[in-house]
Amino acid sequence: MSNLFKGSPYRRRRDLESGSRSADLDRDLDDYESSSPFNITSTKNASVERLRRWRQAALVLNASRRFRYTLDLKKEEEKKQILRKIRAHAQAIRAAYLFKEAGLRVNGTTDPQKTSGGDFAVSQEQLTTVTRDHNITALQELGGVKGLAEALKTSPEKGILGDDSDLVKRKNVFGSNTYPQKKGRSFWMFLWEAWQDLTLIILMVAAAASLALGIKTEGIKEGWYDGVSIAFAVLLVIVVTAISDYRQSLQFQNLNEEKRNIHLEVIRGGRRVEVSIYDIVVGDVIPLNIGDQVPADGILITGHSLSIDESSMTGESKIVHKSTSEPFLMSGCKVADGSGTMLVTGVGINTEWGLLMASISEDTGEETPLQVRLNGVATFIGIVGLSVAVLVLVVLMIRYFTGHTKNPDGSIQFKAGRTSVSAAVDGAIKIFTVAVTIVVVAVPEGLPLAVTLTLAYSMRKMMRDKALVRRLSACETMGSATTICSDKTGTLTLNEMTVVDAYVGGQKLDPPDNKARLSGVLSSLLIQGVAQNTNGSVFVPEGAGDVEVSGSPTEKAILVWGLKLGMDFDAVRSQSTLVHVFPFNSEKKRGGVALQSAESQVYIHWKGAAEIVLACCSRYSDASGEVALFFKNAIEDMAARSLRCVAIAYRPYEEKVPADEQQLMQWKLPEDDLILLAIVGIKDPCRPGVRDAIQLCQNAGVKVRMVTGDNLQTAKAIALECGILGSDADAVEPNLIEGRIFRAYSDEQREEIAEKISVMGRSSPNDKLLLVQALRKRGHVVAVTGDGTNDAPALHEADIGLSMGIQGTEVAKESSDIIILDDNFASVVKVVRWGRSVYANIQKFIQFQLTVNVAALIINVVAAISSGDVPLNAVQLLWVNLIMDTLGALALATEPPTDHLMHRPPVGRREPLITNIMWRNLLIQASYQVSVLLVLNFQGKRLLSLQHDNADHANKVKNTIIFNAFVLCQIFNEFNARKPDEKNVFRGVTKNRLFIGIVAMTLILQVVIIEFIGKFTSTVKLNWKHWLLSVGIAFVSWPLAIVGKLIPVPKTPLHEFFTRKFYRHGRH
């Protein structure tokens, strides 16, 4: 069990020479701890066998509820089988179609024309035949891509009109890009699952038996109270549990909807517009770039080195190159390389992806490390509780049947041979009911579910803070993050780029759009390179509207600069033909195109990182003399001013261009002997508040490292500006390092260097991956931001992968754990706060729940063994259970994060769940409650001056005060649990309305129970003195908590002390 409270190996250093702990003992402890099924520090890549082990080891009363939000291992296997069936089904359809087509050709017959598609010259059946069956012959019969576009009333260049009536018409004929999803569980399902608890079923059976026996012995007028009151209490627990669980499930459903709702660009009416994936219709023209998800079935219009990863549909990890001979695109696949445009021909359920998602759309859940650990804690506590319940049952039964149990008036309850069978059975049932109720209270079923509750709450709130959680575990792991490897562009900076410097033809343009200083030839070549070598576009609306520029921020900045130089985007693009494209590559840091002019002259244009493109240049347009040094100095000058430097170059190509499509795809664009046209400096200002956010991280013990593909000098300038580097004195190797130098080190050297790195410039995605691996080997919990497709391995490898919602590709988002919706580093810091808040809230709930557990168990056990009676009966314990489990979790698990969380170091993933501070707090409170209430139990009649009252009434008053004081103690202690390590437990309490509401509701219900429904709870009305006494007893817990916090606690975790003793004893 020691692993459940295990300390971090990274945060406490021990002096081995002092003999505090031997290396052998360390090894033995590690072996002991790693063997535990509940010791899973990360569930991100845990094996199915490992996940199955902890489920089997957990003590569970209601498996359907306890494991509801964990990964359903059985359904996961079923999902894989369905996937295989659908793939086989799709391949069988294609095979059958090809067989049929071959038969028709042999017989000299053709397939009859399908029915018309309403206003369109092609029907859904024909489209399905073409796309789902990959039927190139049927496509050619329709006139190829152009003919199909005409039939669908769309333009391959400008797309559909996109007005409301056009969209409605297309959805009516071809369907919408949605698929039928399995309905979420209804409230009645949650009610049924809450009912499955074994102890609650036993209590209901006991309630029924008690009701029957009560009516038989006391008559219907008085005999129904005991049975009905237990049944009502059980039903109340079931209903409140179901309501809480149902609300959680609705929150998860909403978050899952957000995850599925991808936004992407489509071309409608000649302009690029952003739409939801659900709003795509047949006939839409969609640009595809590296990292995008293919949003629907379609046919390639144009493509340049376009490669598609079809593994999600075919199951084969094979990259498929797309061309006019293989133009079919399947929904759900990813663009692995290149770019292109596609014509949508199938949406929603008319695609294989739609069929697949409709079959497996139900979310199967996922466990988190904290959930697994809490199942271990719950199992340990449950075993103790079960043992106590059995002990109470045995003791009470022996006392009862040996005649040692007496009524309040002193008469013996059971006399052998004289007591009737029904009375004996009734007495035994009451004892059994108390024992079962102790199990209900002792086994904290709600403890692991409190993680889900706080995660559901946190995820909903994090959406407002611009963070969409894709994996539950990331939410809590973020609280343990010790370092964040952040991108520069768009995360630390605004991603609002403007060309502010331009060096063209050996001179600096001032201002940068001063076209008067450019020669005609240079201007023409420069504008050609800007307009053709881009993924962006320019839309000029009819009339006097503003020009719309789309594309990545860098592309937009250069296109806007080109427009200022007099570029007519559409005219320039129509003057030459695009022969081949080398899409921008984050490894090579450049992208290029081959163009053929009207005079059949071929030009190669390149654009990319300034010093890399400059190194490929041998000549400089409109420049004479030794100008290479001039441009190098210009790059350094711009980089020192935190400008992103981009070079534009070209070269004429005199050799023969490959004519065959297959050869063209393999053709590598020449990248030597280039002629430099221009170097531009692009300003991308730091985000407001990013310096404060980084400072907050540093105060919290989280080191922020910048990993960027930009020039090292640009990275240094930005790092100084936003506070990652303190001063120029810090900007030395290895604090500031280039990617190529880092990757050249050995694995051991990288581990040493990684610890010191603050800024890495000119890094490739593989460098980022190597850095993450090195830091993790050093024991860091690493969070990484990324937006590109090539960032996917680093995002996957990191403990927490953070992708960018605006600039991030779909591949990056799918590999990440959390999506930062506004691409802002400040939002990353908010995620750290929420991660720490999750852990802190769970600890608050554990402290509160264990205090109740310990106090209730000890009070009932001591009373049962000594007097044969228990002061807290079954109905009262069920009410306490409700306060402790569901209402307590709601109140404490939904505490908002505070600044205090960011003024302490990260919580190690192996830190004890129950810290020494928590042990101190709960033991002080539990000891106080047990002492006071046991004194009342044994000396209550004398202390309360009840000796002269009727014995039965006096006993009921005493037990009512014990019950009332006990519940009020928990209400007051709920405030103490809010701040385990702070003296002022009321700070910020008004900000949590739910907490105030639950405390108020608990208090009101307690008054109602005591004053109005005492018949059901076996309590009596209390006078104002007794109420004052109850409140006074409870109130003492507040000053007691303050005094308790003055008591120092040892740094060595409690479990480690006992484990060490245990092992040392075992070794001697």
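What you see is a predicted model, and the numbers here were worked out from it, not measured in a lab. (Residues numbered from 1 in each chain as written. Predicted model: local features only at pLDDT ≥ 70, side-chain atom pairs only at ≥ 80, totals over all residues. Heavy atoms only, no water.)

**Side note on the sheet that holds strand β9 (residues 483-486)**
For sheets, the rule is that strands pair by backbone hydrogen bonds, running either parallel or antiparallel.
Right, on to step 1. One open sheet accounts for 8 strands, arranged β8-β25-β24-β23-β9-β20-β22-β21; its pairing is mixed. Taken across any chain shown, the strands that pair with only one partner, and hence form the sheet edges, are β8 (467-469) and β21 (736-738). Each strand of the sheet is rotated relative to its neighbour by a mean of 20°, with strand direction disregarded.
Right, on to step 2. Of the pairings in the sheet, the one linking strand β23 (residues 782-786) to strand β24 (residues 800-804) comprises 4 bridges and is parallel in character. The partner of V784 across the bridge, within β24, is G801.
Right, on to step 3. Each of β9, β20 (703-707), β22 (759-761) and β23 is contacted by helix α29 (residues 765-777), which is oriented at about 170° to β23, the strand it contacts most. (Pairing = 2+ DSSP bridges. Helix = DSSP H or I, 4+ residues; strand = E, 2+ residues; numbered from the N terminus. Axes fitted to C-alpha atoms, helices over the stretch in contact; angles between N-to-C directions. Contact = heavy atoms within 4.5 Å.)

**Some thoughts on unusual backbone geometry**
Right, on to step 1. In this structure, the amide linkage connecting D510 to the following residue, P511, adopts the cis form with an omega of 0°.
Right, on to step 2. On the secondary structure map, P511 appears in the loop between β11 (507-509) and α19 (520-532).
Right, on to step 3. The step from E733 to P734 runs through a cis peptide bond, and the omega angle for that step is 5°.
Right, on to step 4. Looking at the secondary structure, you find P734 in the loop between α26 (712-722) and β21.
Right, on to step 5. The backbone of S642 sits at a positive phi, close to 60°, despite the residue not being glycine.
Right, on to step 6. Tracing the chain through its elements places S642 in the loop between α23 (628-640) and β18 (643-653).
Right, on to step 7. One non-glycine residue, R762, lies in positive phi territory at about 45°.
Right, on to step 8. Along the chain, the position of R762 falls in the loop between β22 and α29.
Right, on to step 9. Residue class for R762 comes out buried when judged on its relative accessible area of 10%. (Buried < 20%, exposed > 50% of the residue type's maximum accessible area, 1.4 Å probe, protein only.)

**Quick word on the pattern of salt bridges**
Right, on to step 1. Evaluation of the coordinates by the stated rule reveals 34 salt bridges.
Right, on to step 2. A salt bridge links K588 to E671; the shortest N-O distance between them is 3.7 Å. With K588 in the loop between β14 (576-585) and β15 (590-597) and E671 in the loop between α24 (661-666) and β19 (674-683), this pair connects stretches of sequence that are 83 residues apart.
Right, on to step 3. With relative accessibility at 33%, the residue K588 sits in the partly exposed group.
Right, on to step 4. The partner of R776 in a salt bridge is E797, and the shortest N-O contact between them spans 3.5 Å. Of this pair, R776 sits in helix α29 while E797 sits in helix α30 (residues 792-797), placing them 21 residues apart in sequence.
Right, on to step 5. The class for R776 is partly exposed, based on a relative accessible area of 30%. (Salt bridge = Lys/Arg side-chain N within 4 Å of Asp/Glu carboxyl O.)

**Considerations on helix α16 (residues 421-442)**
Right, on to step 1. Across its 22 residues, α16 extends 31 Å between first and last C-alpha, which sits within 8% of the 32 Å expected from 1.5 Å per residue.
Right, on to step 2. Counting buried positions over the 22 residues of α16 gives 17, a clear majority of the element. (Expected span 1.5 Å × (residues − 1).)

**Regarding the packing of helix α12 (residues 225-260) against helix α33 (residues 874-892)**
Right, on to step 1. Remark: α12 packs on α33, axes separated minimally by 9 Å, with the N-to-C direction vectors making an angle of 10°. Judged by the angle between their axes, α12 and α33 are roughly parallel. Contact residues: S229, I230, A233, V234, L236, V237, V240, T241, S244 and R247 in α12; A874, V875, L878, N881, L882, T886 and L890 in α33.
Right, on to step 2. For the contact of α12 with α33, the residue count by class is 11 nonpolar, 5 polar and 1 charged. (Parallel < 35°, antiparallel > 145°, perpendicular 65-115°, else oblique. Nonpolar A, V, L, I, M, F, W, Y, C, P; charged D, E, K, R; others polar.)

**Digging into the pairing of strand β2 (residues 271-276)**
Right, on to step 1. Inspection of the sheet shows strand β1 (residues 263-268) paired to β2 by 6 bridges, in the antiparallel sense. Residue H263 lies in a different strand from β2, and its bridge partner there is S276.
Right, on to step 2. The hairpin turn running from β1 into β2, its antiparallel successor, is 2 residues long, and G269 in that turn takes a positive phi close to 65°.

**Let's talk about the UniProt feature "transmembrane region" (unreviewed entry) in the protein**
Right, on to step 1. Taken from the UniProt record, the annotation "transmembrane region" (unreviewed entry) applies to residues 190-215, 227-246, 377-401, 431-457, 994-1014 and 1026-1047.
Right, on to step 2. Between the end C-alpha atoms of residues 190-215 there is a gap of 33 Å, over a span that is 92% helix and 0% strand.
Right, on to step 3. Annotation note: span residues 227-246, helix share 100%, strand share 0%, distance between end C-alpha atoms 28 Å. (UniProt positions renumbered as here; feature names shortened; annotations may be inferred.)

**Here's the deal with the packing of aromatic side chains**
Right, on to step 1. Across all of its chains, the model carries 19 aromatic pairs by this definition.
Right, on to step 2. On the numbers, 5.0 Å between centres and 85° between planes, the contact of Y400 with F401 is edge-to-face.
Right, on to step 3. For F401, a relative accessible area of 41% translates into the label partly exposed.
Right, on to step 4. With a centroid separation of 6.4 Å and an interplanar angle of 80°, the aromatic rings of F972 and F1035 are classed as edge-to-face. Here the residue F972 occupies a position in helix α35 (residues 951-978), and F1035 occupies one in helix α38 (residues 1024-1035), the gap between them amounting to 63 residues.
Right, on to step 5. A relative accessible area of 14% places F972 in the buried class.
Right, on to step 6. F1035 sits in the partly exposed class, given a relative accessible area of 42%.
Right, on to step 7. An aromatic cluster is present here, built from F972, F975, F986, F995, F1035 and W1038 joined pairwise through their rings. (Phe/Tyr/Trp six-rings, centres within 6.5 Å; stacked < 30°, edge-to-face > 60°.)

**Topic: helix α28 (residues 747-754)**
Right, on to step 1. Listed as buried for α28 are R750, I753 and A754. For α28, the arc enclosing every buried residue in end-on projection is 95°, short of the 170-degree limit, so these residues lie on one face.
Right, on to step 2. Where the residues of α28 are buried, they touch β20, β21, α27 (739-744) and α29. (Arc of directions from axis to C-beta.)

**A few points about the environment of L264**
Right, on to step 1. Its place among the elements puts L264 in strand β1.
Right, on to step 2. For L264, a relative accessible area of 14% gives the class buried.
Right, on to step 3. Between the C-alpha atoms of L264 and Q293, which are 29 residues apart in sequence, the distance is 9.3 Å.
Right, on to step 4. Ignoring anything within four residues of it in the chain, the contact list for L264 reads V273, E274, V275, S276, I277, I280, I286 and P295.

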